[in-house]
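Architecture at a glance
Here are the chains, one letter per residue:
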Amino acid sequence: MSRAMYIAAGGALATAVSFGPARIGFGLFLPQLRETFELTTRESGYIASSAFGGFLIALLLAGYLSARFGPRLPVVLGSLAALAGMTIVALANNTLMLAAGTVLAATSAGCCWSPFNNAAERGIADDRRNRALSIISTGTTGGIAGAGLLALGVAWLYQEWRVAWGIFALMALLSTLVNFRALARLPDTPATRPVALPTQLRRLCRLRALPLYAIALSFGISSGIYLSFTVDHVMRAGGLPGLASELSGPVMYIAMGIGGIAGLATAEIHRRIGMTVLVRTLFILSAVSLLACGLAPTSWPLLLLSALLQGSCIMMLSAIFSFWSVRLFPELAAVSFTAVLVIYALGNIIGPAAAGSLAATLGMNIAFAITAALSLLTALLFRERIGRAA
């Protein structure tokens, strides 16, 4: 296998594990976890927000480690964090262990994303780089759908949820071993003149970047709520008709993963219709997804539509965050992308905690409706440019 394909395969496996079960596993198995550990809705929201907080801290750590030591160290550490965290969850016998394992596993997503841009730049020729990065990005879609399929199989065979988390941990071990080998001995990149941190911050705070930061925060809030509470909301309503209630969540996550395939077409759609129309459309679709789940949690067509749309929005907006940050700050490509992801992660932290508290008094359907209103408001207010380019 060529170096390019080895890096691409390792990257796809790392993103599948870290953005699949390690990041969304808590929400996928929340009904079973709630029953086992007697979690309240508010406690569930706090654990989900804490996990997204771990993602935020890991993003910052990965940026430093990748710049200082290269991409292998943060990716391997992230895979080990997923291995340790998911093992702790599988063995948890109290709420504290569950929360600790969930947070530790979620940090892997922060460590296993941006370093692969560095790895591709250092180890893959220009004519193969875009293809390799596309393969790596599809790992997220595969991880979400794969987690759903495994959860479906475990429920279908009447196995305990801990079995699934044990298998997740084995996949994290495989990711650790593959990427330890795939990212070894990468050539150095040409030396560039470093930009001082105060100068970087001043550039990143330009007015022209405000629309990008705004949509990152808004979608961070809404996607954090969706990933944390959708399955639990559906199962508490009785699940999909004609299907055992514990199978409803896996079916939705499989559909979400399938919907994420649309992310591969983001650049082409952007070229045809422009950024403003594309972003507004995605946030309108996000609002539809949230409303469909919040108000019709037992409808087959509406729930499948909800999952497909949410998966598409997650992958397409992730692609937009990447290429828009590079376009705005070509001289700070890695730093600007990390800055956008940090704002997105802040939204992930805010959303579940707020929704959990709100749902405790008004109900989860109201929480979903208010979140849909936020997405719709974002679509209405969005402008690609504010003022003159700085």
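Look up: the structure comes first, before these words.
Residues numbered from 1 in each chain as written. Predicted model: local features only at pLDDT ≥ 70, side-chain atom pairs only at ≥ 80, totals over all residues. Heavy atoms only, no water.

What about the side chain of Ser 312?
Turning to its location among the elements, Ser 312 is positioned in helix H15 (residues 300–328). The exposure class assigned to Ser 312 is buried, which follows from its relative accessible area of 15%. Engagement of the side chain of Ser 312 in a polar contact is seen with the backbone oxygen of Leu 308, the distance being 3.0 Å. (Helix = DSSP H or I, 4+ residues; strand = E, 2+ residues; numbered from the N terminus. Buried < 20%, exposed > 50% of the residue type's maximum accessible area, 1.4 Å probe, protein only. Polar contact = N/O pair within 3.5 Å; in protein donor to acceptor, adjacent residues only side chain to side chain.)

Here we look at helix H9 (residues 161–182)
Given a rise of 1.5 Å per residue, 22 residues ought to cover 32 Å, and the 32 Å separating the end C-alpha atoms of H9 matches this to within 8%. The complete set of buried residues in H9 reads Trp 161, Ala 164, Trp 165, Phe 168, Ala 169, Ala 172, Ser 175, Thr 176, Val 178, Asn 179 and Ala 182. (Expected span 1.5 Å × (residues − 1).)

Re the nonpolar core
In terms of nonpolar packing, the biggest core is built from 94 residues, with Phe 29, Met 86, Leu 98, Ile 215 and Phe 321 touching the most fellow members. Looking at which element gives the most residues to this core, the answer is helix H11 (residues 210–236), with 13 residues. Discounting chain neighbours no more than four positions away, the residues touching Phe 321 are Leu 212, Ile 215, Ala 216, Phe 337, Val 340 and Tyr 344. In terms of nonpolar packing, the next biggest core, distinct from the first, is built from 14 residues, Ile 7, Ala 14, Ala 132 and Ile 136 among them. (Core = buried A, V, L, I, M, F, W, Y, C linked by side-chain atoms within 4.5 Å. Contact = heavy atoms within 4.5 Å.)

Some details on helix H12 (residues 245–259)
Between its terminal C-alpha atoms H12 stretches 22 Å, which fits the 21 Å expected from 15 residues at 1.5 Å a residue. Buried within H12 we find Leu 247, Ser 248, Gly 249, Pro 250, Val 251, Met 252, Tyr 253, Ile 254, Ala 255, Met 256, Gly 257 and Gly 259.

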